[in-house]
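Read off the chains here:
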Amino acid sequence: MKQQRKPKLAVWKFASCDGCQLSLLDCEDELLAVAGEVEIANFPEASRAVARGPYDISLVEGSITTPHDAERIHQVRRASKVLITIGACATAGGIQALRNFKDVREFASIVYANPATIEALAKSTPIADHVFVDFQLRGCPINKYQLLEVLSAYLHGRKPNIPNMSVCVECKQRGIVCGLVTHGPPCLGPVTHAGCGALCPSYHRGCFGCYGPKEAANTGSLSAWWAGKGMTERELLWNYRNFNAYAEAFRKESEAHEE
Amino acid sequence: MKNRSIKVPYLARVEGEGAIQVRVREGAVKDVKFKIFEPPRFFEAFLRGRHYSEAPDITARICGICPVAYQMSAVHAIEGAFGARVDGPLRDLRRLLYCGEWIESHALHIYLLHAPDFLGYEDAIRMAKDYPNEVRDGLQLKKVGNDLMNVLGGREIHPINVKVGGFYRLPKKEELTELIDRLEWAIDVSAKTVRWTSTLNFPEYEYDYEFVALRHPSEYPLNEGRIVSNKGLNIDASEYEKHFAEEHVGHSNALQSVLKDRGAYVVGPIARFHLNFDRLTSRVRALAEEIGLTPPCTNPFKSIVIRALETMYACEEALRIIRSYEPPEQPAMPVHARASTGYGCTEAPRGILYHRYTVGVDGTIREARIVPPTAQNQKSIEGDLARLVPAFASLPTEQLTHRCEQAVRNYDPCISCATHFLTLVNEA
């Protein structure tokens, strides 16, 4: 298909820390090249200029946590030909989904003096719970090179090359000695989606699941292994309840260890 | 201009979701709102019950631009609670990591977020067509900061190497010395940035602010110091809540920090510079004198130049630390949990960031309190808008609106940070 004009790129923010959209600005060597290939039509963190939709590619950061945002995501979807979620908030509800395991009113009263006026949904939910998502890029934060790969793939009409293996495989590729079977710090590597390049194991600590569960993650087996090493139920629970706590595999496993 | 309305429904080139609204009736400013509609995320609530060792990783997620600030305030507060003190090379490495964050955050703000205002562009990408060398230099300067964070922290956003007591892994000497050439380049480029930003057109606007920053006996403040101001404040971080309060302000939908009895104050580069000019390196001071910018500087639009001076300082400081670095024996010192409360206050790129944690004997966090810099600057941001609109009343509305936006960006506001502790309250 011949492009008559540059494809329009939009970046949207929901509840998040801004880190994933910042990844685009962190592409110091590639940013100007990207800007040469697309029209940056809506990216408030970077530009005052806003061009009208429809947008060829929308990158969506953040989770849905307010009634207003639950409406707004439908407008974004309607204005977007391709909608890609970036990061753990958008794909799994983010760290703010820890509220999903509690009463949100109780949470609000801890932080805010006047909790009755806080407009917040009971749950922080991923974008795909609300609208159709074309592609989900994981990570807390995302890997900026994977972001460039996804953008490049959609601009050229091909499938993104984002491996869906576990962090364990990345460790093996880097030749890092397995901590889990040697000295044994808690490591979520066997059940966590690849993408970080086995960052934590290379810094002598266990994976803590930034990229969320990989497909068919065998969390039960990992928990049994950990329990055999003396980990308490409470520690098991917290290990699955971080930035991807509401992703199904981690949610179910953590609930299995609730008292 | 009798009746006028300045509205920016979605502020661009800031971090997070905010808006401004100024209403003028009969020539007088009636209503100023720096609105924050970013949804709350309840960090202080879900820190309760977590193990203290998780605090640096969890609080980093408050902000993608200044995660190191959150990690540093968290570890200092918790170490304080446990009566531990991290010194020597580990302390230097923390300072080095923080320098990386200052460099990347300041370069981002100077070149990508703020400079386009002064030069009349919608964004840096459009600006790059006319200023290709400046934008390219700015991006490479930012990259030097990010590379420091990559080596020390593992990655630039939400680094994974910071722990209570020190680090998980120490950098090898050569991993750091590899950066020396680029830091030397970065010092030159940040000096160029200082000269370049000093030639921008600054709106004529001054105000006698109360500046609040850390003050250390010998260093330009990053991780440690007393909290001082130009109006007589001089306290330890543990006394913060005695002197500062957060107010519900009906019209602003947010909690605003104030100095008790005195009101609005300013944190960030302009405040640090004002209170710590004598702690900068001689090269940075000489350059500041050369361009004619020394304290007192009470024009907030000039904060872009001060950010450039601080970037140069951070590059020089990083180089100094790297040159003297000898890896210690252990990546972290042992810490022992005890039931106590600890306080931490460090200088995020945009100003002081206060943390307090109460930890139980089992190492579980019982209570957490976090006051980010943008919450503290909010009231001064509104004050500036209220004063600027009448001062520049002769401008057409579109230009005046842009001037207001630019004034907000003077503070490099981090709305995502602020909001996670601010309310979205309706007027009671």
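Use the structure listed above.
Calculation criteria
Residue positions are given per chain, counted from 1 along the sequence in the order it is written. Each chain is given a letter, starting from A, and each ligand a number, starting from 1, according to the order in which they appear as written. Given that the model is predicted, a residue must reach a pLDDT of at least 70 before its local features are reported, and side-chain atom pairs must reach 80 or more before they are shown or counted; all residues, however, enter totals for whole chains, interfaces and linings. Processing note: side-chain calculations cover all non-hydrogen atoms of the structure and skip hydrogens and water entirely. By definition in these notes, contact holds between two residues if any of their heavy atoms fall within 4.5 Å. The working definition used for a salt bridge is a side-chain nitrogen of Lys or Arg within 4 Å of a carboxyl oxygen of Asp or Glu. A 3.5 Å cut-off defines polar contacts: any pair of N or O atoms within that distance qualifies, except that in protein one atom must be a possible hydrogen donor and the other a possible acceptor, and neighbouring residues in sequence count only when both atoms are side-chain atoms. Put simply, DSSP marks the helices as runs of H or I at least four residues long and the strands as runs of E at least two long, and each gets a number from the N terminus on. Three classes are used: nonpolar for Ala, Val, Leu, Ile, Met, Phe, Trp, Tyr, Cys and Pro, charged for Asp, Glu, Lys and Arg, and polar for all others, with Gly counted as polar. Partly exposed residues are those whose accessible area sits between 20% and 50% of the maximum for their type, while under 20% is buried and over 50% is exposed, using a 1.4 Å probe and protein chains only. Paired strands, as defined in this entry, are two strands with at least two bridges between them according to DSSP. When we speak of the arc, we mean the arc of directions from the helix axis to the C-beta atoms. What a helix should span is 1.5 Å times the count of its residues minus one. The pairing test for Phe, Tyr and Trp rings, Trp by its six-membered ring, is centres within 6.5 Å, and the orientation test on the planes gives stacked under 30 degrees, edge-to-face over 60, and tilted for anything in between. The rule is short: NZ of Lys or CZ of Arg within 6 Å of the ring centre and within 35 degrees of the ring normal puts a charge over the ring. For every element, the axis is a line fit to its C-alpha atoms; helices are fit only across the contacting stretch, and the angle between N-to-C directions ranges from 0 to 180 degrees.

Undergrad: I'd like to hear about the interface of chain A and chain B, residue by residue, with values.
TA: Chain A puts 59 residues into the contact, and the matching count from chain B is 69 residues. Counting across the interface, chain A meets chain B through 8 salt bridges. Our count for the chain A to chain B interface comes out at 28 residue pairs in polar contact (both at pLDDT 80 or more). Every element with two or more residues in the side of chain A that touches chain B is listed here: helix 1 (19-25), helix 2 (31-37), helix 3 (67-78), helix 5 (104-111), helix 8 (199-202) and helix 10 (233-240) of chain A. For the side of chain A that touches chain B, the element with the most residues is helix 5 of chain A, which contributes 5 residues. Of the residues in the side of chain A that touches chain B, the class split is 33 nonpolar, 12 polar and 14 charged.

Undergrad: So what's going on with the pairing of strand 2 (residues 18-25) of chain B? Which residues, and what values?
TA: Residue and element names in this part refer to chain B. Most of strand 2 is tucked away, with 6 of its 8 residues classed as buried. Sheet topology note: the strand 1 (residues 4-8)/strand 2 ladder contains 5 bridges and is antiparallel. By the bridge assignment, serine 5 is partnered in strand 2 with arginine 23. With 8 bridges joining them, strand 2 and strand 3 (residues 28-36) adopt antiparallel strand pairing. Residue pairing across strands places arginine 23 opposite aspartate 31, the latter belonging to strand 3. What sits between the antiparallel neighbours strand 2 and strand 3 is a turn of 2 residues, in which glutamate 26 has the positive phi angle 55 degrees.

Undergrad: Please give an account of helix 7 (residues 167-174) of chain A that cites residues and values.
TA: Residue and element names in this part refer to chain A. Taken together, the buried positions of helix 7 are Val167, Glu170 and Cys171. Buried residues of helix 7, seen end-on, are gathered within an arc of 105 degrees and therefore sit on one face of the element. Elements in contact with the buried residues of helix 7: helix 8. Phi turns positive, to about 70 degrees, at glycine 175, one or two residues after helix 7.

Undergrad: Explain helix 3 of chain A residue by residue, including any values.
TA: All names here are of chain A. Over its 12 residues, helix 3 extends 18 Å from the first C-alpha to the last, a length consistent with the 16 Å expected when each residue adds 1.5 Å. What helix 3 keeps buried is the set Asp69, Ala70, Arg72, Ile73, Val76 and Arg77. Down the axis of helix 3, the smallest arc covering the buried residues is 165 degrees, so these residues share one side. Facing away from the buried surface of helix 3 by more than 90 degrees, the exposed residues are His68, Glu71 and Arg78. The secondary structure elements touched by the buried residues of helix 3 are strand 1 (8-13), strand 3 (55-61) and strand 4 (80-86).

Undergrad: I'd like a rundown of the packing of aromatic side chains, residues and numbers included.
TA: This structure, assessed with the given rule, holds 21 aromatic pairs over all chains. Where tryptophan 226 of chain A meets tyrosine 240 of chain A, the ring centres are 6.1 Å apart and the plane angle is 40 degrees; that geometry is what we call tilted. Of this pair, tryptophan 226 of chain A sits in helix 9 (residues 219-228) while tyrosine 240 of chain A sits in helix 10, and the two are 14 residues apart along the sequence. By way of ring pairs, the aromatic residues Tyr111, Tyr121, Tyr131 and Trp196 of chain B are connected into one cluster. One residue, arginine 169 of chain B, lies across the ring of tyrosine 203 of chain A, its end atom 4.4 Å from the ring centre. In this arrangement the basic side chain of arginine 387 of chain B is found over the ring face of tyrosine 207 of chain B, its NZ or CZ atom lying 3.3 Å from the centre.

Undergrad: Account for the side chain of arginine 272 of chain B, naming residues and giving values.
TA: As for its position among the elements, arginine 272 of chain B is in helix 10 (residues 269-276). Relative accessible area serves as the criterion here: at 0%, arginine 272 of chain B is assigned to the buried category.

Undergrad: Could you give me a rundown of the sheet that holds strand 1 of chain B, with the residues and numbers involved?
TA: Residue and element names in this part refer to chain B. Judged by pairing direction, the sheet is antiparallel, and its 3 strands sit side by side in the order 1-2-3 without closing on themselves. Of all the strands in the sheet, the pair left with one neighbour each is strand 1 and strand 3. Between one strand axis and the next, the sheet turns by 5 degrees as a mean value, whatever way the strands run. Its contacts with the sheet put helix 13 (residues 373-391) on strand 2 and strand 3, and the angle it makes with strand 3 is roughly 145 degrees. This element, helix 14 (residues 397-409), spans strand 1, strand 2 and strand 3 of the sheet and lies at about 50 degrees to strand 1.

Undergrad: Which residues make up the environment of isoleucine 415 of chain B, and what values go with them?
TA: Looking at the secondary structure, you find isoleucine 415 of chain B in helix 15 (residues 415-419). For isoleucine 415 of chain B, a relative accessible area of 0% translates into the label buried.

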